[in-house]
Amino acid sequence: MMERFRAFFTKVISPVAHLLIRLGVSPDAVTFVGTLGVCAGALVFFPQGKLLTGVLVITAFVFSDLLDGYMARTTGRVSKFGAFWDSTLDRVGDGAIFIGLALYFAWEDPSRLYLVLSLVCLLMGGVTSYARSRGETLGFDVKVGIAERADRLVLILVMTGLGAIFDLPVLMYVALWALAIASTVTVVQRVWVVRKQALAEAALPSPHE
Ligand SMILES: CCCCCCCC/C=C\CCCCCCCC(=O)OC[C@H](COP(=O)(O)O[C@@H]1[C@H](O)[C@H](OP(=O)(O)O)[C@@H](O)[C@H](O)[C@H]1O)OC(=O)CCCCCCC/C=C\CCCCCCCC
Ligand SMILES: Nc1ccn([C@@H]2O[C@H](COP(=O)(O)O)[C@@H](O)[C@H]2O)c(=O)n1
Ligand SMILES: [Mg+2]
Ligand SMILES: [Mg+2]
């Protein structure tokens, strides 16, 4: 859903990308530092109950995920390792956000329900990405689903941020319910499209027949 905003945000961050390129910073370093920033925002501030600070730090660093690819393409440094590094570190950053929220519900605002929902979001977000990665390795087109990565990030960050500003924790609770459900639906959608493509492929006559 958020993919349509990619071009706009890429334009917004492009001056920073060109500055980093001039300074000789590599796309892989941007991927790494961006992930460190996301992890720090989530794991330092969320467990202490500083939700808005956490959201703002994460937001500042999460755009490095658009920056790194743009830098790689602009400088002709696109690499298979870079693609692997980008996707692998995405999983670390995504995981840190929901671990941070789970720790918040364990320590700061104790709630077993929302602790469990944070863990469900952690698990199903990870499975969503794994399903796409495994499906694409097998040659299928799996880029579908109502809760792709950018959708998940925007929903949880905006609702947690607004909840903290207006002292309306219910916004974060709604986001966790919505994400737990939408991520699970996305996994089902991805399994479904892979199954459909796999069955269609199996029904084709083999070239030796
Ligand atoms: C008034 C103060 C309010 C405080 C509130 C806080 C505001 C927080 C606001 C916004 C946060 C926005 C953050 C999110 C932006 C994330 C952008 C991003 O980096 O997206 C990642 C993605 C990168 O794609 P990749 O190819 O690297 O990733 C692959 C993919 O994602 C796969 O995912 P899967 O679905 O399978 O899980 C993986 O499989 C694969 O491995 C992985 O590599 O980028 C995009 O998808 C492109 C779209 C970017 C669009 C950004 C949209 C931001 C939109 C709105 C911001 C709204 C701001 C409004 C704030 C208003 C608040 C009142
Ligand atoms: N360190 C990196 C990061 C990314 N890439 C390439 O960009 C693609 C991802 O683009 P985003 O705009 O979504 O970041 C990725 O698949 C790689 O092809 C890279 O080479 N090195
Ligand atoms: Mg990236
Ligand atoms: Mg990425």
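Residues numbered from 1 in each chain as written. Chains lettered and ligands numbered in written order. Predicted model: local features only at pLDDT ≥ 70, side-chain atom pairs only at ≥ 80, totals over all residues. Heavy atoms only, no water.

Within an unreviewed UniProt entry, the label attached to the protein chain reads Phosphatidylinositol phosphate synthase, and the organism entered is Nocardioides hankookensis. UniProt, in the comment section headed Subunit (unreviewed entry), describes the protein chain in these words: "Homodimer." (UniProt positions renumbered as here; feature names shortened; annotations may be inferred.)

Undergrad: Even after reading the chapter, I still don't get the site of ligand 2, so can you show me in this structure?
TA: Among the 16 residues in the neighbourhood of ligand 2, the closest are listed as Arg6, Asp28, Thr31, Asp65 and Asp68. At 3.0 Å from an oxygen atom of ligand 2 is found a main-chain nitrogen or oxygen belonging to Ser79. Look at ligand 2: alone it shows 460 Å² of surface, and the protein chains cover 82% of it. If you list the elements that add at least two residues to the shell around ligand 2, you get helix 2 (27-45), helix 4 (64-74) and helix 5 (80-108). In terms of residue count, the dominant contributor to the shell around ligand 2 is helix 4 (six residues). Among the residues making up the shell around ligand 2, the classes are represented as five nonpolar, four polar and seven charged. (Near = heavy atom within 4 Å. Polar contact = N/O pair within 3.5 Å; in protein donor to acceptor, adjacent residues only side chain to side chain. Areas by Shrake-Rupley, 256 points an atom, 1.4 Å probe, with all protein chains shown as cover. Helix = DSSP H or I, 4+ residues; strand = E, 2+ residues; numbered from the N terminus. Nonpolar A, V, L, I, M, F, W, Y, C, P; charged D, E, K, R; others polar.)

Undergrad: Could you clarify how one ought to interpret the state of the cysteines in this entry?
TA: Taken as a whole and assessed by the stated rule, the structure comprises zero disulfides. Sulfur of Cys39: no disulfide; nearest cysteine sulfur belongs to Cys121 and is 17 Å away. (Disulfide = S-S within 2.5 Å.)

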